[in-house]
Amino acid sequence: MGAPEPNEHAQALDGELLYWVTFDTPQYDTGGDGPYRKAQIWGRYLRTEL
């Protein structure tokens with residue numbers, strides 16, 4: 001959705017980036033909130049598909 005942004009949160013890793021992602025189907029978070037169609041995700045939680 002755009003270029004990655006620096007993560008300036010106090011608990012972010014040095015050089016960690018934030019990414020906007022769009023979900024194929026709306027998603028709920030672990031607390032049951034949602035549905036979300038897009039979200040800003042910390043780089044450490046993203047994995048590439050094989």
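Residues numbered from 1 in each chain as written. Predicted model: local features only at pLDDT ≥ 70, side-chain atom pairs only at ≥ 80, totals over all residues. Heavy atoms only, no water.

### Topic: the overall build of the chain
- Counting its regular elements, the chain contains zero helices and three strands.
- Each helix and strand of the chain, ordered N terminal to C terminal, gives the series β-β-β.
- Based on the C-alpha atoms only, the size of the chain along its principal axes is roughly 30 × 25 × 20 Å.
- The burial tally for the chain puts 12% of its 50 residues in the buried class.
- Considering only residue pairs separated by 6 or more positions, the chain has 31% of its internal contacts joining residues 24 or more positions apart.
- When the accessible surface of the chain is summed, it comes to about 4,500 Å², and 52% of that surface belongs to carbon and sulfur atoms.
- Here the chain contributes 4 positive and 8 negative side-chain charges, whose respective centroids are spaced 4 Å apart. (Helix = DSSP H or I, 4+ residues; strand = E, 2+ residues; numbered from the N terminus. Buried < 20%, exposed > 50% of the residue type's maximum accessible area, 1.4 Å probe, protein only. Contact = heavy atoms within 4.5 Å. Areas by Shrake-Rupley, 256 points an atom, 1.4 Å probe, with all protein chains shown as cover. Lys, Arg positive; Asp, Glu negative; His and termini not counted. Charge placed at Lys NZ, Arg CZ, Asp CG, Glu CD.)

### Observations concerning the side chain of N7
- Its place among the elements puts N7 in the loop between β1 (5-6) and β2 (17-27).
- Under the relative-accessibility criterion, N7 is labelled buried at 11%.
- For N7, the side chain forms a polar contact with the main-chain nitrogen of H9, separated by 3.0 Å.
- Once you skip the residues sitting within four places of it in the chain, N7 turns out to touch A12, E16, L17, L18 and W42. (Polar contact = N/O pair within 3.5 Å; in protein donor to acceptor, adjacent residues only side chain to side chain.)

### What about the sheet that holds β2?
- Judged by pairing direction, the sheet is antiparallel, and its three strands sit side by side in the order β1-β2-β3 without closing on themselves. Edge positions in the open sheet fall to β1 and β3 (36-42), since each of these has one partner strand only.
- With six bridges joining them, β2 and β3 adopt antiparallel strand pairing. Bridge assignment links W20 to a residue of β3, and that residue is Q40. (Pairing = 2+ DSSP bridges.)

### A short note on the side chain of E16
- With respect to the secondary-structure elements, E16 resides in the loop between β1 and β2.
- Overall, the relative accessible area of 7% leaves E16 in the buried class.
- For E16, the side chain forms a polar contact with the main-chain nitrogen of L13, separated by 2.9 Å.
- Within polar-contact distance, the side chain of E16 engages the side chain of R44 at 2.8 Å.
- Apart from the residues within four sequence positions on either side, E16 is in contact with E5, P6, N7, W42, G43 and R44.

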